[in-house]
Amino acid sequence: MTIMVQNSSDTSWERMLKNTSSESLLLLCQRLQLEEEWRDSMQEPSVFLEAYFLEHPESFLILLSKEDYELLIRIWEENNFLSNEYINQQNIVPLEKLGLIQYRHKKREILVCEEAKNNFYFYLKSRSSRQWVDQYQKLEYAVKGMLYQCGIIELTQFYDIIINEKDSSISTLSQFRQFLIGRIELWSFLGVLKNYSNGDYYIISHEVKDRDQVFWGWVQQEIDSFHKLSFDEAIFLGKMSGIGNWQGTKALLSYCLQTIYDDMIAATVFVKTVLLYIQNGDSIETIFEKLESKIEMFTEEETETIHKYIDQMYWNTPIYNLKGYSRQEMIEKERNFSVVKGGKKD
């Protein structure tokens, strides 16, 4: 099936913006950290945002995911029809909220705001814009990867890890915060917490089951810094949905694929389930109890093999309440720690 694409020169971009809900326009101002500036301007939000984007078209690159961006360019370059395979409601909505298009579901028609296209097409299509899109995509994977490693991470320490990488598109803490706030509406994998006693911000993965347990673990273990990953390591972990190269993990996935399950999805879900139990601090006994109903139909040999790999994973997988360190790494830290005795010589 196809969707008709039509250019509209009758409706201004400001009008298309205004046609979105007032809540969406307010959220746009908040994502751009412009709410106070907008209120001081005493302007309609659509008028204020139109002027801002005309002066700062680079803001689109923060607000739109790579998939949103690619769909927008494809729509702008289509003359009449767009194949249905390119249409994803998740990517349509952000374009509508920016007043760039209007999707008429019943008519299966996309109305393109010609004024916005004329204003921004060449800028967004440029090589430099495409490079920024790719850099932001890498940064998004790195954010995911660090959260898969640590579960919860303090914002400035996260920034310190990112900023030390020469390939990062972020050069200041303000830029990093701007990126996170601009993108957070698009992400279902994280949230933001604020410690009102000291003003610190924390990024938290939605895979963390008990954040109080995580914070309490930090206090008990007295770990100063979060586990560091290189930018490339964080990107890899983000792309792999948190299934890292930790001892036992790849072996369990491979064994499940070859022996237990018929497809990749079922095997991956099983391994991911085990990882989440471990990373959220369950004991090895609790993990086996939770898995009992999932493996009760396995043979004795299969169960023993799975238990062996899970035991390896238990010691070598990063734990949220250990700030992303594994149990084995913490044992090695304690082993390498030496006490220096002070005192005055006679």
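Residues numbered from 1 in each chain as written. Predicted model: local features only at pLDDT ≥ 70, side-chain atom pairs only at ≥ 80, totals over all residues. Heavy atoms only, no water.

Attention shifts here to the overall build of the chain. Each helix and strand in the chain was counted, giving 18 helices and 7 strands. Reported as C-alpha extents along the three principal axes, the dimensions of the chain are approximately 80 × 65 × 35 Å. A buried classification covers 47% of the 346 residues belonging to the chain. Considering only residue pairs separated by 6 or more positions, the chain has 67% of its internal contacts joining residues 24 or more positions apart. (Helix = DSSP H or I, 4+ residues; strand = E, 2+ residues; numbered from the N terminus. Buried < 20%, exposed > 50% of the residue type's maximum accessible area, 1.4 Å probe, protein only. Contact = heavy atoms within 4.5 Å.)

In a regular helix each residue adds 1.5 Å, so 17 residues correspond to 24 Å; helix H17 (residues 300-316) covers 25 Å between its end C-alpha atoms and thus fits that length. Taken residue by residue, H17 has Glu302, Thr303, Thr305, Ile306, Tyr309, Ile310, Met313 and Tyr314 as its buried positions. In the core, the buried residues of H17 are packed alongside helix H14 (249-260), helix H15 (264-279), helix H16 (284-295) and helix H18 (327-336). (Expected span 1.5 Å × (residues − 1).)

What follows is about the sheet that holds strand S2 (residues 81-83). The pairing of strands in a sheet happens through backbone hydrogen bonds and is either parallel or antiparallel. Pairing within the open sheet is mixed, and its 4 strands lie in the order S2-S1-S4-S3. Each having just a single partner strand, S2 and strand S3 (101-104) make up the two edges of the open sheet. Each strand axis lies, on average, 25° off the axis of its neighbour in the sheet, ignoring direction. The sheet contact formed by S3 and strand S4 (residues 109-113) spans 4 bridges and is antiparallel. Among the inter-strand pairings, Tyr103 is bridged to a residue of S4, identified as Ile110. (Pairing = 2+ DSSP bridges. Axes fitted to C-alpha atoms, helices over the stretch in contact; angles between N-to-C directions.)

Examined bridge by bridge, strand S1 (residues 2-8) and S2 share 3 bridges and lie antiparallel to one another. Within S2, the position partnered with Thr2 by the bridge is Ser83. As judged from the 5 bridges shared by S1 and S4, these two strands associate in the parallel manner. Directly across from Val5, in S4, lies its bridge partner Ile110.

A separate point is the packing of aromatic side chains. The full count for this structure, using the stated rule, is 21 aromatic pairs. When the centroid spacing of 6.0 Å and the interplanar angle of 55° are considered together, the rings of Trp13 and Phe53 count as tilted. Taken together, the residues span a long stretch of sequence, with Trp13 in helix H1 (residues 13-19) and Phe53 in helix H4 (residues 45-55) at a distance of 40 residues. Taken individually, Trp13 and Phe53 each receive the classification buried, so the pair is uniform in this respect. Seen in terms of ring centroids, Tyr159 and Phe176 are 6.4 Å apart; in terms of plane orientation they differ by 35°. Their pairing is tilted. You can see Tyr159 sitting in helix H10 (residues 155-163) and its partner Phe176 sitting in helix H11 (residues 173-183), a full 17 residues away along the chain. One exposure class covers both Tyr159 and Phe176, and it is buried. (Phe/Tyr/Trp six-rings, centres within 6.5 Å; stacked < 30°, edge-to-face > 60°.)

In space, the 3 strands of this open sheet follow the order S5-S7-S6, with antiparallel pairing throughout. Edge positions in the sheet fall to strand S5 (152-154) and strand S6 (190-194), since each of these pairs with one other strand and no more. Here the strands of the sheet are splayed against their neighbours by 25° on average, with no regard to which way each runs. Of the strand pairs in this sheet, S5 and strand S7 (residues 201-205) are connected by 3 bridges, and their pairing is antiparallel. Within S7, the position partnered with Glu154 by the bridge is Tyr202.

Glycine aside, negative phi is the norm for most residues, and most peptide bonds take the trans geometry. Positive phi, normally seen in glycine, also occurs at Gln33, with a value near 55°. Relative to the helices and strands, Gln33 is located in the loop between helix H2 (22-31) and helix H3 (35-41). When its relative accessible area of 42% is taken as the criterion, Gln33 is described as partly exposed. Backbone geometry places Met42, a non-glycine residue, at a positive phi of 60°. Within the fold, Met42 resides in the loop between H3 and H4. A relative accessible area of 74% places Met42 in the exposed class.

This structure, assessed with the given rule, holds 11 salt bridges. Across the salt bridge formed by Glu185 and Lys97, the nearest N and O atoms sit 3.1 Å from each other. Taken together, the residues Glu185 in the loop between H11 and S6 and Lys97 in helix H7 (residues 89-97) connect sequence positions 88 residues apart. Residue classification places Glu185 among the partly exposed positions, given a relative accessible area of 30%. For Asp134, the salt bridge identified is with Arg130, shortest N-O distance 3.6 Å. Placement of the pair is Asp134 and Arg130 together in helix H9 (residues 127-150), with a separation of 4 residues, close to one helical turn. (Salt bridge = Lys/Arg side-chain N within 4 Å of Asp/Glu carboxyl O.)

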